[in-house]
Each structure stands twice: as C-alpha cells, then as structure tokens.
Amino acid sequence: MAIIQADIIDITTDIPQQSDIFFVDTNIWFWQTYTNAAFTAKRYQITDYPNYINKTRQNGATLTYSGLTLAELAHIIEKTEYDIYVQSNGYLHFKKYRHDYPTERANVVAEVQFTWRRIKKIAIPIDLTVDDATTDAAINRFTTQAVDGYDLLMLEAISKAGAGTVKIITDDMDYSVVPGIQVFTSNKYVIQDAAMQKKLVRR
C-alpha cells in the first residue's frame, strides 16, 4: 500500500469550481483526445476522466498542460498505433514500423497533431525551462518522492507556475505520494488507500 501524502479527491463525486486551475496529466489527455484510446484503456478511464474534463469546462475551471506533455503523448500514441498494427498484421520490429512504413508513420503523425490541436484548444500551457536549476530540483525531488522522470519535470513545471495549491487530474498512483498537492482521480486503488489513511477529501 502506498503511503498517501497528497489530498485525494474522487472525481466521480467532485464538482469542479470556476476558481480551479488543474494540471492535466498526459494519460488523461490521451483518453480525452486520442481516437484509439479505447484500445488500451479501461472502461472507467475513457468515461470518468472525459466526463470530469467536460464538467471543468462547463463550470469555467482552467485546464493546463506542459510542453513536456507532447513528448510523452507522442510516445504513447505511437506505441498504441504500433500495437494496433501488430495485432492486425503480425509482429514487426518497432523501428521498422517507424522508419519503413510511410503510410503508418503518416497516420501516427496525424494522430499526434490532432490530439495536440485539441489540447491547445481547451487548455493553456505552463512554461518550463529545463535548465540546471530545474533538473537539480527534479533530482532532489527524486530522492524523496517515488515518481518517474516525466513526472519529476511536470511537478517542477507546476510548482513554478505559482497557481497556489497544485491540483492534478491523473490516474497515476505516483502523484498520491507527493505532499502538498491535490490529486483528482477515479483510480479506485488510490481512493481506497486514501480513505483508509484519512487523505480522501470532499470539497
């Protein structure tokens, strides 16, 4: 069981507020904007999160993203398109898929461009300069918080935005171990652990 240090909010019962400024994690954008998201997603992921994103927009909350989101999003879209291709056509080395199949490559590019346009249409960017100060801060965070490399830099981007309490819409359990932030999720394991540890918050 993860030791929950963030405040956890269940998005299936929460009502977004106009004053909310949310950072939206990459997988949420993936499920919200990518046409083939259902190929790998669980049912709740392609229903609960898009529903909550739509509520945030209806209620006038602010959604944000980082330029780093593009790198992670492009990676998971390409991997999903590759898996779809392999399922229909049989095994092919990933690099050959990338370099030797121009029609497939064009499709991957089109999917990434489409999802990125949709994100930019409904959210605003948080700027992040990945300089020595940023990477030093990320390395310091890495020693105390069990998150991956992408998330380390995302957390620095959010922290530097100066938007008050950090509010993240995510399905990722890793963010739940970060103190001083609010995690908006419908991940039942995070919600269960948070309830047991008295970190489940109703607003």
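Residues numbered from 1 in each chain as written. Predicted model: local features only at pLDDT ≥ 70, side-chain atom pairs only at ≥ 80, totals over all residues. Heavy atoms only, no water.

## Brief notes about the overall build of the protein
- Counting its secondary structure elements, the protein contains eight helices and six strands.
- When the helices and strands of the protein are listed from N to C terminus, the series reads β-β-α-α-β-α-α-α-β-α-α-β-β-α.
- The C-alpha atoms of the protein give a radius of gyration of 18 Å, which matches the 17 Å a tight globule of 203 residues would have.
- Counting across all 203 residues of the protein, residues that qualify as buried make up 44%.
- Long-range contacts, defined as pairs at least 24 residues apart, comprise 72% of the intrachain contacts of the protein with a sequence gap of at least 6. (Helix = DSSP H or I, 4+ residues; strand = E, 2+ residues; numbered from the N terminus. Rg over C-alpha atoms; globule rule 2.2 N^0.38 Å. Buried < 20%, exposed > 50% of the residue type's maximum accessible area, 1.4 Å probe, protein only. Contact = heavy atoms within 4.5 Å.)

## As for the pairing of strand E3 (residues 62–66)
- For E3, a buried count of four out of five residues is recorded, marking the element as mostly surrounded by other parts of the structure.
- Sheet topology note: the strand E2 (residues 21–24)/E3 ladder contains three bridges and is parallel. The residue bridging Phe22 from the neighbouring strand is Leu63, located in E3.
- Taken together, the three bridges between E3 and strand E4 (residues 124–126) define a ladder with parallel strand orientation. Looking at E4, one finds that Thr64 is bridged to Ile124. (Pairing = 2+ DSSP bridges.)

## A closer look at the nonpolar core
- In terms of nonpolar packing, the biggest core is built from 31 residues, with Trp29, Leu63 and Ile169 touching the most fellow members.
- Mapped by element, the contributors of at least two residues to this core are E2, helix H1 (26–33), helix H2 (48–58), E3, helix H3 (68–89) and helix H5 (102–122).
- Excluding residues within four positions of it along the chain, Ile169 makes contact with Phe22, Phe23, Val24, Asp25, Ile28, Tyr49, Tyr52, Ile53, Thr56, Leu63 and Phe184.
- Leu152, Leu155, Val166 and Val178 belong to the second largest nonpolar core, which has 25 residues in total. (Core = buried A, V, L, I, M, F, W, Y, C linked by side-chain atoms within 4.5 Å.)

## What about H2?
- Looking only at H2, the buried set comprises Tyr49, Pro50, Tyr52, Ile53 and Thr56. Each buried residue of H2 sits inside an arc of 160° when the element is viewed along its axis, so together they form one side.
- Against the buried residues of H2 lie E2, H1, E3, H5, strand E5 (166–169) and strand E6 (181–185).
- One or two positions beyond H2, positive phi appears at Gly60, with a value near 80°. (Arc of directions from axis to C-beta.)

## A short note on the sheet that holds E5
- Ordered by their spatial adjacency, six strands build an open sheet running E1-E6-E5-E2-E3-E4, and the pairing between neighbours is parallel. Because the sheet does not close on itself, it has two edges, and the strands there are strand E1 (7–10) and E4. The mean angle between the axes of side-by-side strands here comes to 35°, regardless of whether they run parallel or antiparallel.
- Along the sheet, H2 contacts E2, E3, E5 and E6; its crossing angle with E5, the most-contacted strand, is approximately 135°. (Axes fitted to C-alpha atoms, helices over the stretch in contact; angles between N-to-C directions.)

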